[in-house]
Amino acid sequence: MSDAYLALEDGRVVEARGRVPGRTRGELVFTTAYTGYEESLTDPSYEEQVLTFSYPLIGNYGVRAERFESDRIHPRAAVAREFTDEVVEWLAEEGVPAVDHIDTRDIVTSVREQGAMKVGIVVGDDATPEAAKEELAKCKGMSEHTDIGAQVTTTEPVTYEGDGDTTVALVDCGAKKSIAESLVARGATVHVLPYDATEADVSALSPDILFISNGPGDPENYTATHDLVEAFAGEVPLAGICLGQQIIASALGGTTEKMAFGHRGVNQPVRDLDSGKVIMTTQNHGYTVAEPGTLDVTQVNVNDGTAEGLASTDLNVITRQYHPEAHPGPHDSLGFFDDVLAMAPAGNEKTRKVVASD
Ligand SMILES: NC(=O)CC[C@H](N)C(=O)O
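Residues numbered from 1 in each chain as written. Predicted model: local features only at pLDDT ≥ 70, side-chain atom pairs only at ≥ 80, totals over all residues. Heavy atoms only, no water.

Looking at an unreviewed UniProt entry, the protein chain carries the name Carbamoyl phosphate synthase small chain, with the source organism given as Haloferax namakaokahaiae. Entered under Sequence similarities (unreviewed entry) in the UniProt record, the comment concerning the protein chain runs "Belongs to the CarA family." The Subunit (unreviewed entry) comment attached to the protein chain in UniProt states, word for word, "Composed of two chains; the small (or glutamine) chain promotes the hydrolysis of glutamine to ammonia, which is used by the large (or ammonia) chain to synthesize carbamoyl phosphate. Tetramer of heterodimers (alpha,beta)4." (UniProt positions renumbered as here; feature names shortened; annotations may be inferred.)

Set out below in structure tokens:
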């Protein structure tokens with residue numbers, strides 16, 4: 001008799017070992033990242049999902065808060081072949097159900113063949129297959145979480161001061177902390193705004209760059225953020241990462257669509273169409289840009305050809321579908337942040353040089 005059951009949308013019920021008790025449900029996804037479990041578990045883009053690690057041992061270098069990407073764990077449950085006790089303690093402190101001693105190869109294969117699916121999970125002495133199915137029956141599809149941004153955004157504006165003159169308004173749809181850090185490290189002052197910030201909120205800051213963050217759920221549900229992009233396109237340079245790329249493309253005449261099982265891992269190869277160079281990237285997304293609208297596709301995924309980078313020189317826009325800020329993953333694409341800040345109006349460059357020579 002097991003003390004944990006997973007009821008999958010394909011009709012199967014899988015037994016596991018319970019590590020943290022509870023009942024929950026979500027969209028079943030997997031990451032192939034072999035490091036970075038702390039960063040992944042605290043990535044707000046995993047909100048409403050159940051995260052399966054395909055790497056078999058999770059927790060082998062401990063748990064350190066300095067590696068967290070936000071202030072809490074976001075997946076509704078965690079699944080691995082083997083969790084260390086230290087990770088289980090952390091998951092338990094945050095009340096996130098967890099299971100291991102499960103054949104994650106089987107789970108990953110199912111998701112690869114049938115696409116991301118709903119799952120119900122029950123863990124504890126009273127766990128039964130029926131209870132797991134009840135959780136599954138209550139599970140919403142990802143696009144049905146119509147206001148998911150509210151679950152992950154900052155509620156109050158926050159400012160991080162950089163030592164240069166460029167100001168960035170970062171719309172927080174569930175931003176990983178490394179995005180603001182990467183901008184501040186390059187001298188920018190970053191004003192983090194709630195996901196439903198208005199045109200007036202942004203105008204009041206007179207930012208040099210408007211930056212739309214990563215975040216969970218269906219990009220088409222972020223209507224306030226679409227409005228911002230429409231309002232400022234052509235007026236203020238625009239940048240976006242992951243959900244940010246999807247929202248910017250969609251607001252500027254493009255379309256998005258759900259992928260079969262998405263890209264989640266730290267070794268997704270991306271080709272830059274201009275230089276021909278291939279870089280390794282960190283990814284975590286289930287939607288993608290189908291039609292880029294008024295933007296040009298500048299980078300593509302080597303495996304499936306999906307749009308990884310978009311740009312418009314007329315409108316001053318650059319976006320990435322992957323995560324240039326890494327954490328976890330390779331640092332091949334950190335230069336994106338230099339390219340973003342280079343879009344700031346030239347006056348800032350002059351001021352910055354004067355300040356630097358003081
Ligand atoms: N990391 C992200 O920003 C994810 C974007 C979007 N929620 C997706 O799944 O595609």
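**Q** Where do I start with the site of the ligand in this structure?
**A** Around the ligand, the structure places 13 residues, and the nearest of them are Gly215, Gly217, Cys242, Asn284 and Tyr287. The contact in question runs from an oxygen atom of the ligand to an N or O atom on the backbone of Tyr287, over 2.8 Å. Contact distances for the ligand include 3.3 Å between a nitrogen atom and a side-chain N or O atom of His323. Listing elements by their share of the shell around the ligand, those giving two or more residues are α9 (243–251) and β16 (278–291). The dominant element in the shell around the ligand, judged by the number of residues it contributes, is β16, at four residues. (Near = heavy atom within 4 Å. Polar contact = N/O pair within 3.5 Å; in protein donor to acceptor, adjacent residues only side chain to side chain. Helix = DSSP H or I, 4+ residues; strand = E, 2+ residues; numbered from the N terminus.)

**Q** Sorry, what's going on with the sheet that holds strand β14 (residues 238–241) here?
**A** Across a sheet, paired strands are connected by hydrogen bonds in the backbone, their directions being either parallel or antiparallel. Pairing within the open sheet is mixed, and its 10 strands lie in the order β10-β12-β11-β13-β14-β19-β18-β17-β15-β16. Strands at the two margins of the open sheet, each flanked by one partner only, are β10 (158–160) and β16. Strand after strand, the sheet turns through a mean of 20° between neighbouring axes, direction not considered. Across four bridges, the pairing between strand β11 (residues 167–172) and strand β13 (residues 209–212) is parallel. Opposite Val171, over in β13, you have Ile212 as the bridge partner. Docked against the sheet, helix α8 (residues 223–232) engages β11, β13 and β14, running at close to 155° with respect to β13. (Pairing = 2+ DSSP bridges. Axes fitted to C-alpha atoms, helices over the stretch in contact; angles between N-to-C directions. Contact = heavy atoms within 4.5 Å.)

**Q** Where do I start with the pattern of salt bridges in this structure?
**A** Opposite charge on two side chains permits pairing when their charged atoms draw close. For the structure on display, the rule yields 17 salt bridges. We note a salt bridge from Arg72 to Glu47, for which the minimum N-O separation is 3.2 Å. Taken together, the residues Arg72 in the loop between β5 (57–58) and β6 (77–79) and Glu47 in the loop between α1 (37–41) and β4 (49–53) connect sequence positions 25 residues apart. The partner of Glu325 in a salt bridge is Lys176, with the nearest N and O atoms 3.0 Å apart. You can see Glu325 sitting in the loop between β19 (317–320) and α10 (335–341) and its partner Lys176 sitting in the loop between β11 and α6 (177–184), a full 149 residues away along the chain. Note on accessibility: Glu325 and Lys176 belong to one class, buried. (Salt bridge = Lys/Arg side-chain N within 4 Å of Asp/Glu carboxyl O. Buried < 20%, exposed > 50% of the residue type's maximum accessible area, 1.4 Å probe, protein only.)

**Q** Explain the UniProt feature "active site" (unreviewed entry) in the protein chain to me, please; I cannot follow it from the model alone.
**A** In this numbering, the UniProt entry assigns the feature "active site" (unreviewed entry) to Cys242, His323 and Glu325. For this annotated set, covering 84 residues, all C-alpha atoms fall within 11.2 Å of each other, a compact arrangement in space. Within the element layout of this structure, Cys242 appears in the loop between β14 and α9. For Cys242, a relative accessible area of 2% translates into the label buried. Beyond its immediate chain neighbours, meaning those up to four positions away, Glu325 contacts Lys176, Ser178, Ile179, Ser182, Ile241, Leu334 and Phe337.

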